[in-house]
Amino acid sequence: MAALRTSVTLWSLLTGSRNSERGCFRARIRPQLGALLQPPPGPCGVGLPCRRLASEAESGSSEIKKPTFMDEEVQNLLIKMTGLNLQKVFKPAIQELKPPTYKLMTQAQLEEATRKAIEAAKVRLKMPPVLEERVPINDVLAEDKILEGTETAKYVFTDISYSIPHRERFIVVREPSGTLRKASWEERDRMIQIYFPKEGRRVLTPVIFKEENLRNMYSQDRHVDVLNLCVAQFEPDSAEYIKIHHQTYEDIDKHGKYDLLRSTRHFGGMAWYFVNKKKIDGLLIDQIQRDLVDDATSLVQLYHILHPDGQSAQEAKEQAAEGLHLIKVFAKTEAQKGAYIELTLQAYQETVISHSAAS
Amino acid sequence: MAAAVRAAGRLPALCGVPAGHIWSRQLYLNTYPTASVLALKTVLNNGPLSYPGTRDNHHFISLTRALQTQCCISSPSNLMGQQYRSYSFFTKLTADELWKGALAETGAGARKGRGKRSKKKRKKDLNRGQIIGEGRHGFLWPGLNVPLMKEGAMQTIAQRSKEEQEKVEADMIQQREEWDRKRKMKIKRERGWSGNTWGGVSLGPPDPGPSGETYDDFDTRILEVRNVFNMTAKEGRKKSVRVLVAVGNGRGAAGFAVGKATDRMDAFRKAKNRAVHYLHYIERYEDHTIFHDISLRFKRTHIKMKKQPRGYGLRCHRAIITICRLIGIKDMYAKVSGSVNMLNLTRGLFHGLSHQETHQQLADKKSLHVVEFREECGPLPIVVASPQGALRKEPELEDEVPDIKLDWEEVRAAQGMKRSVWSNLKRAAT
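Looking at an unreviewed UniProt entry, chain B carries the name Small ribosomal subunit protein uS5m, with the source organism given as Vulpes vulpes. The UniProt entry for chain B carries this comment under Subcellular location (unreviewed entry): "Mitochondrion". Database annotation for chain B, UniProt heading Sequence similarities (unreviewed entry): "Belongs to the universal ribosomal protein uS5 family."

Looking at an unreviewed UniProt entry, chain A carries the name Small ribosomal subunit protein mS22 isoform X1, with the source organism given as Vulpes vulpes.

Okay, here's the thing in structure tokens:
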């Protein structure tokens, strides 16, 4: 137990970035219940902080600081790209209907109400965290051979004190063979859901996450529903969560249905995934076709932030490219579908010219 | 004996008349105990071969059966009492006059509503299906039964074989049975609000107008059928049928009218055609409900209507459901209290619905935006109407406690003080 305690404190030491300090503090105060929208404390996985610590140690020598999902400028870019379509954010939810209420408002009151709605929309559009996959727990606490053969089933002991954060709860399993080990991540999730049920989460994985059902959902263009269910059901660093998200993003990319996620809270995660995989061509083309050139430029900027050693980043820095020129540089250098991008850019420029000529 | 002979002597006369049956003028002893001769005289049967009309009147059946058993078809040697009179009472009058006597539509029994519904008889055309030339012995007369010319040659008189003749006669009987069955078949009347009532029954579209305008997309529904009586000098109580009917095309145009006549169908027609002349156009919000809650009192009828979202259905008085369907309103709640007089109910309903204030009118009146907030859309404001003129700067004064009159029944229901088996009752949709 003492060993555990020390390992926990070491872990909290390791997560020594500016975010996690706040995060740990939050974790101590508030148990992690019903926090769908808030990222869990310790946004960085276990792997990264080591690198961070190492990089901080050698901060003077190199400037390689891998940007994370939660960086301010990254978040700003992603929020700008997500857009804020109030009609889509506040789409009528499927619930029992009540007759609407009417109010008489002046212009000022109307603007005030719209402003409040925009703030509520921003809260709704808070992005769910993007974390590394969690390392499986393989920690054996004790080996008691004398208990072998006494029981036929595993026993799971859970600490159900109310005010402990779920990540720091002790959940141990006594096998029939006598070993006392720490529970694996899946067992932990299951036990925590049984004792502290969270709304929208089921103990056993729902059938909808099976392959054929997911395919059905994709064919019905219900990617948003799939992602919402996934966020409700799984922890952000679990394997299934990451797998399903990646699968959904791949399907969107394959069919070019980027607009389904625009103005939802999943757009940022999707853009982050594509930028990491260096597959932003489809998204770029879609944005240019919908005349969202600012979003396209911010996407290319994000790409340069994440891959500063790439060819396009270097060239852009040399030429100090801005706006459309930036996109052209990217299209020429690192894009797979560079030709398509240039073509769409040309078409866009022609439409702009014709519009300006007409008006 | 003498009586029997007399009876036998009279029988053939019954059978004689217009039919072209060939009768042997043989008289046979009539040994069957029959009904009285007077009863026989009233039989109107064109021949013993014809199947008795399946009337409700058992006299007829017994009589005709008696006749049949007497005058059966068999070889001439077995013929019992086949009587044939070429000139009798029945030959002196036309079929119409005879039927007029038998049906007894006029008379003391028919006046003043004394006639029973079950005693009503129906006229039957006894000459239907007769071909001049067809007879019991089965002779084929070219020009009558059989075509005159066959391959250019004039045909001769022939006779059918016995089997053929029997078959032909059996066919004839079957055909007559089928006619009778069809006549007797009762057409199922469309069910209105309940089995025997005329409320909610549809009358189809109104008749086209004099300048040729058609009202094909209008449907009419009966709301009330009432027998009203008026005292006259000559007859005393005179019955008249008063019908209240509503028409509508499901797209906002609807109207109602009253028609009165002695005959029910005439009253329906009058009401239907009158209703099309008194149409109201009723504004609907998004084509499925009213703009706002309406509570009105018309004479002694109180109606309280509430706006409902899509999918709620019409949970109202059955007459209001019918009228709303004709207007095109699909979701509404209405409560009728006080008097439920159908006329006042319809009048009040139409008055209330036509005097609704649309969102645009409200916006123009107050010169402010009309903004809708829906639960399912969260805090999003939806501007439904903007004033056409200027927009005023001063906001609408709103007290913390709104100054509206509360309805005690509603308050009781909201507080849970109301114990009623009829609230939240599961009914059929709409």
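Draft legend 1. Spotlight on the confidence of the model for chain A. Residue-level pLDDT values for chain A average 82, and 82% of them are 70 or greater. Long-range and interchain partners of residues 1-61 of chain A, a stretch whose pLDDT sits below 50, account for 55 contacts in this model, where long-range means more than four residues apart.

Draft legend 2. Quick peek at the sheet that holds strand E2 (residues 140-143) of chain A. Residue and element names in this part refer to chain A. If you trace the four strands from one edge of the open sheet to the other, you get E2-E5-E4-E3, paired in antiparallel fashion. Where the open sheet ends on each side, the last strands, each with one partner, are E2 and strand E3 (155-158). Strand-to-strand, the axes of this sheet are offset by a mean angle of 15°, without reference to chain direction. Bridge analysis of E2 against strand E5 (residues 179-182) gives three bridges, and the strand direction is antiparallel. Residue pairing in the sheet places Val140 in a bridge with Arg181 of E5. Running at roughly 110° to strand E4 (residues 171-174), helix H7 (residues 185-195) makes contact with E3, E4 and E5 of the sheet.

Draft legend 3. Structural detail: the interface of chain A and chain B. Across the contact, 25 residues belong to chain A and 31 residues belong to chain B. Contact between chain A and chain B buries roughly 2,400 Å² in total, counting both sides, with carbon and sulfur atoms accounting for 68%. A per-residue breakdown of the area chain A buries against chain B is headed by A:Leu97, A:Tyr102 and A:Leu104, which together make up 28% of the total. In this structure, the connection of chain A to chain B is made through one salt bridge. Of the charged contacts in the structure, one is a salt bridge between B:Glu375 and A:Lys98, with a shortest N-O distance of 3.4 Å. Every element with two or more residues in the side of chain A that touches chain B is listed here: helix H5 (86-89), strand E1 (101-105) and helix H6 (107-124) of chain A. The element contributing the most residues to the side of chain A that touches chain B is H6(A), with eight residues.

Draft legend 4. Examining the side chain of A:Ser263 more closely. Residue and element names in this part refer to chain A. When you line up the elements, Ser263 lands in the loop between helix H10 (239-255) and helix H11 (267-277). Classification of Ser263 as buried rests on a relative accessible area of 6%. Beyond its immediate sequence surroundings of up to four residues, Ser263 is in contact with Thr82, Gly83, Leu84, Asn85, Lys88, Val89 and Leu125.

Draft legend 5. Spatial organisation of the sheet that holds strand E8 (residues 253-261) of chain B. All names here are of chain B. An order of E5-E6-E7-E8-E9 is seen for the five strands of this open sheet, with the pairing classed as antiparallel. Lying at the two open borders of the sheet, with one neighbouring strand each, are strand E5 (202-204) and strand E9 (279-281). Each neighbouring strand pair of the sheet contributes to a mean axis angle of 30°, computed without reference to strand direction. Bridging between E8 and E9 involves three bridges; their strand directions are antiparallel. Considered in E9, the bridge of Gly255 is made with Leu279. Its contacts with the sheet place helix H7 (residues 318-327) against strand E6 (219-232), strand E7 (236-248) and E8, and it is angled at close to 130° to E6.

Draft legend 6. Layout of the pairing of strand E11 (residues 301-307) of chain B. Residue and element names in this part refer to chain B. Only one face of E11 is buried, namely the one carrying Thr301, Ile303, Met305 and Lys307, since none of His302, Lys304 and Lys306 on the opposite face is buried. Bridge count for strand E10 (residues 294-298) against E11 is five bridges, and the pairing is antiparallel. Paired with Phe298 across the strands is Thr301, a residue of E11. In this antiparallel pair of consecutive strands, E10 and E11, the connection spans two residues, and Lys299 shows a positive phi of 55°. The sheet contact formed by E11 and strand E13 (residues 332-338) spans seven bridges and is antiparallel. When the sheet's bridge partners are listed, His302 is paired in E13 with Ser337.

Draft legend 7. Region of interest: unusual backbone geometry. All names here are of chain B. Positive phi values are uncommon outside glycine, yet Lys112 reaches one of about 55°. By the secondary structure assignment, Lys112 is in the loop between helix H4 (95-103) and strand E1 (139-140). In this model, Glu151 sits at a positive phi of 55°, which is unusual for a non-glycine residue. Here Glu151 is to be found in the loop between strand E2 (149-150) and strand E3 (153-154). Residue classification places Glu151 among the exposed positions, given a relative accessible area of 78%.

Thresholds, definitions, all that
Note that residues are indexed from 1 along each chain, following the sequence as it is written. Whichever chain is written first becomes A and whichever ligand is written first becomes 1, with later ones labelled in order. Since the coordinates come from a predicted model, pLDDT governs what is reported: local features require at least 70, and pairs of side-chain atoms require 80 or more to be given and counted, while whole-chain, interface and lining totals use all residues. With hydrogens and water stripped out, all remaining heavy atoms of the structure feed into the side-chain values. UniProt positions are given in the numbering used here, feature names are shortened, and annotations may be inferred rather than shown by experiment. Values of pLDDT, the confidence the predictor places in each residue, fall between 0 and 100. It only takes one pair of heavy atoms within 4.5 Å for two residues to be counted as in contact. Pairing between two strands requires that DSSP report at least two bridges joining them. Each helix corresponds to a stretch of at least 4 residues labelled H or I by DSSP, and each strand to a stretch of at least 2 residues labelled E; elements are numbered beginning at the N terminus. Here an axis means a line fitted to C-alpha atoms, over the contact stretch when the element is a helix, while the angle between two N-to-C directions is reported on a 0 to 180 degree scale. What gets called buried area is simply the loss in accessible area from a 1.4 Å probe that two parts show on being joined, summed for both. What makes a salt bridge here is a side-chain nitrogen of Lys or Arg within 4 Å of a carboxyl oxygen of Asp or Glu, nothing more. Exposed residues in this analysis have more than 50% of their type's maximum accessible area, buried residues have under 20%, and partly exposed residues fall in between, with area computed by a 1.4 Å probe over protein chains only.

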